[in-house]
Amino acid sequence: QVQLVESGGGTAQAGDSLRLSCAASVRALNMYAVGWFRQAPGKEREFVVSVGTGGSSYYADSAKGRFTVFRDSDKDTVYLQMNSLKPEDTAVYYCAARFSIFGAEYRQADDYDYWGRGTQVTVSS
């Protein structure tokens, strides 16, 4: 069983930056594809970005040019660097993981087996 813990959320103003972390209980998180999703109040959970075990990544249009996902294999942690934050980025952010040996990244919530409890990000204008 893989446990994921998100951290780094908080309150920011438009234009600010935040870095979210997704720490895993499992060694070798680099053998897992990881995705970030978010859910705003009254809305469905939506895909933000994914990173495969081969290093490939895919960003939702809302995240392109502003967000960056990267791994720290030594710490079994995946980070989401969020720059130029907008009020519409306000949501609970979740990380998810699935074991993967093929290097692919995954963009659907149903593709993932393990989820964290989320961290709240609030961006004011």
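Residues numbered from 1 in each chain as written. Predicted model: local features only at pLDDT ≥ 70, side-chain atom pairs only at ≥ 80, totals over all residues. Heavy atoms only, no water.

Caption draft 1: Layout of the overall build of the protein. When helices and strands are tallied, the protein shows zero helices and eleven strands. Taken from the N to the C terminus, the helices and strands of the protein come in the order β-β-β-β-β-β-β-β-β-β-β. Against the globule reference of 14 Å for 125 residues, the protein gives a C-alpha radius of gyration of 13 Å, in line with a compact fold. Taken along its principal axes, the extent of the C-alpha atoms in the protein is 40 × 25 × 25 Å. Counting over 125 residues, the protein shows a buried share of 45%. In the protein, 61% of the contacts between residues at least 6 apart in sequence involve partners at least 24 apart. For the protein, the accessible area works out to roughly 6500 Å², and carbon and sulfur atoms hold 44% of it. Each charge sign in the protein was given a centre, from 13 positive and 14 negative side chains, and these centres are 2 Å apart. (Helix = DSSP H or I, 4+ residues; strand = E, 2+ residues; numbered from the N terminus. Rg over C-alpha atoms; globule rule 2.2 N^0.38 Å. Buried < 20%, exposed > 50% of the residue type's maximum accessible area, 1.4 Å probe, protein only. Contact = heavy atoms within 4.5 Å. Areas by Shrake-Rupley, 256 points an atom, 1.4 Å probe, with all protein chains shown as cover. Lys, Arg positive; Asp, Glu negative; His and termini not counted. Charge placed at Lys NZ, Arg CZ, Asp CG, Glu CD.)

Caption draft 2: Layout of the pattern of salt bridges. Tallied over the entire structure, the rule returns six salt bridges. D89 serves as the salt-bridge partner of R38, at 2.9 Å between the closest nitrogen and oxygen. Taken as a pair, R38 in strand β4 (residues 32–39) and D89 in the loop between β8 (77–82) and β9 (91–99) lie far apart in primary sequence, 51 residues in all. Taken as a pair, R38 and D89 share a single burial class, namely buried. In this structure, R66 engages D89 in a salt bridge whose closest nitrogen and oxygen atoms are separated by 2.7 Å. (Salt bridge = Lys/Arg side-chain N within 4 Å of Asp/Glu carboxyl O.)

Caption draft 3: Just the environment of Y94, in detail. Note on placement: Y94 falls in strand β9. Accessibility expressed as a relative area gives 14% for Y94, which makes it buried. Residues Y94 and L4, spaced 90 residues apart in sequence, show a C-alpha to C-alpha distance of 9.2 Å. Apart from the residues within four sequence positions on either side, Y94 is in contact with E6, G35, W36, F37, Q39, R45, W115, G116, R117 and G118.

Caption draft 4: Summary view of unusual backbone geometry. Unusually for a residue other than glycine, A28 sits at a positive phi of about 65°. Among the structural elements, A28 can be located in the loop between β3 (18–24) and β4. Residue A28 is classed as partly exposed on the basis of its relative accessible area, which comes to 28%.

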